[in-house]
Amino acid sequence: MSEFSCDLFDRSPDDVDFLCVTLGIGNVKSKREVNYKKQERIEAEDELQKIPEQLYNQYKYVSEAPIVCDLKLANAIGIIGNRDEQFIFLKNFVMDIATRQYHTDVKMLFVAEAEHAEKIRWLRFLPHVYSEALHIRNIVCEEESRNLIFESLYKELTIREEIQKYDFRMILFLYDECGFNSHPISRFVDEGKELGITFVFFGEDRSQIPVGCNYLVCSRTNGRAELIDTADKTQTMEFRYP
């Protein structure tokens, strides 16, 4: 971003595209397919009989379209790749969320080991990272901040679970595990979207990503990746990312 735009913070919680993050560019299956009746017999001399199927194949996919991941519909998402690739996706996710959604509608939390602290500390300047309840930034990179923020998050999710209501969405980025799996807040992963939170896990392979992620973003080579719907792997979409 180099200048102010009227597109800043243009998405509100009531919008269909609220928290829809653009991952990259690729081929997307058409929302409205061309319907045609498949011919039981094809006459070799009748070239017109082939046109309906040709049109169906031609317009089955929309090329060079945005590949989007809807965070509000996911309990958890896994980002798989080497550390450099993980950091690229972290930045892309954060920039998309921070520039499209207002900070009172979405709060972001970041967790990393001390050795990776510089990967998340630069995010402290974003208003989306500030906790009004604790008067601190939602950044975990050592034990004291981990205990404070994890306990606060646990209380918030427990209240949301009891009253089935929340005032803002939360995105928790787990750049490192940092004891998350052994903390009581890990039990909320399976009901994240109902509680207004999406967990984003990072790992170098699938063994480092917890079971239960709705989507996996798997980096490949040469700036390409795949978005995998874990409930239906036939919905896998390949894309290129910046």
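Residues numbered from 1 in each chain as written. Predicted model: local features only at pLDDT ≥ 70, side-chain atom pairs only at ≥ 80, totals over all residues. Heavy atoms only, no water.

(A) Structural detail: the packing of aromatic side chains. Inspection of every chain in the model, using the stated rule, returns 13 aromatic pairs. Measuring from centroid to centroid gives 6.5 Å for Phe87 and Trp122, while their planes differ by 80°, and the two rings are edge-to-face. Pair noted here: Phe87 is in helix H2 (residues 83–100) and Trp122 is in the loop between helix H3 (118–121) and strand S5 (130–131), with a separation of 35 residues, a long-range link. According to the relative accessible area criterion, Phe87 is buried, its value standing at 16%. Take Trp122: its relative accessible area is 33%, and that puts it in the partly exposed class. Here Phe180 and Phe201 contribute two aromatic rings whose centre-to-centre distance is 5.7 Å and whose plane-to-plane angle is 65°, an arrangement assigned as edge-to-face. Here the residue Phe180 occupies a position in the loop between strand S8 (169–174) and strand S9 (197–203), and Phe201 occupies one in strand S9, the gap between them amounting to 21 residues. Exposure class is identical for Phe180 and Phe201. Each is buried. A network of ring pairs unites the aromatic residues Phe150, Phe180, Phe199 and Phe201 as a single cluster. The aromatic ring of Phe87 is capped on one face by Lys119, whose charged end is 4.3 Å from the ring centroid. The cationic tip of Arg160 hangs over the ring face of Phe168; the distance from NZ or CZ to the ring centre is 4.8 Å. (Phe/Tyr/Trp six-rings, centres within 6.5 Å; stacked < 30°, edge-to-face > 60°. Helix = DSSP H or I, 4+ residues; strand = E, 2+ residues; numbered from the N terminus. Buried < 20%, exposed > 50% of the residue type's maximum accessible area, 1.4 Å probe, protein only. Lys NZ or Arg CZ within 6 Å of the ring centre and 35° of its normal.)

(B) Inspection of the pairing of S9 at higher detail. Of all 7 residues making up S9, 7 are buried, and the element is well covered by its neighbours. Residues Ile197, Phe199, Phe201 and Gly203 point to one face of S9 and Thr198, Val200 and Phe202 to the other, with burial holding for every one of them. Sheet topology places strand S3 (residues 76–80) next to S9; 5 bridges connect them, and they run parallel. If you follow Ile80 over to S9, its bridge partner there is Gly203. Of the strand pairs in this sheet, S8 and S9 are connected by 5 bridges, and their pairing is parallel. Bridge pairing in S9 places Phe173 opposite Val200. (Pairing = 2+ DSSP bridges.)

(C) The arrangement of the side chain of Lys107 in detail. Note on placement: Lys107 falls in strand S4 (residues 106–111). A distance of 3.1 Å separates polar atoms of two side chains, one belonging to Lys107 and the other to Glu132. Beyond its immediate stretch of four places on either side in the chain, Lys107 contacts Pro127, His128, Tyr130, Glu132, Phe168, Arg169, Met170 and Ile171. (Polar contact = N/O pair within 3.5 Å; in protein donor to acceptor, adjacent residues only side chain to side chain. Contact = heavy atoms within 4.5 Å.)

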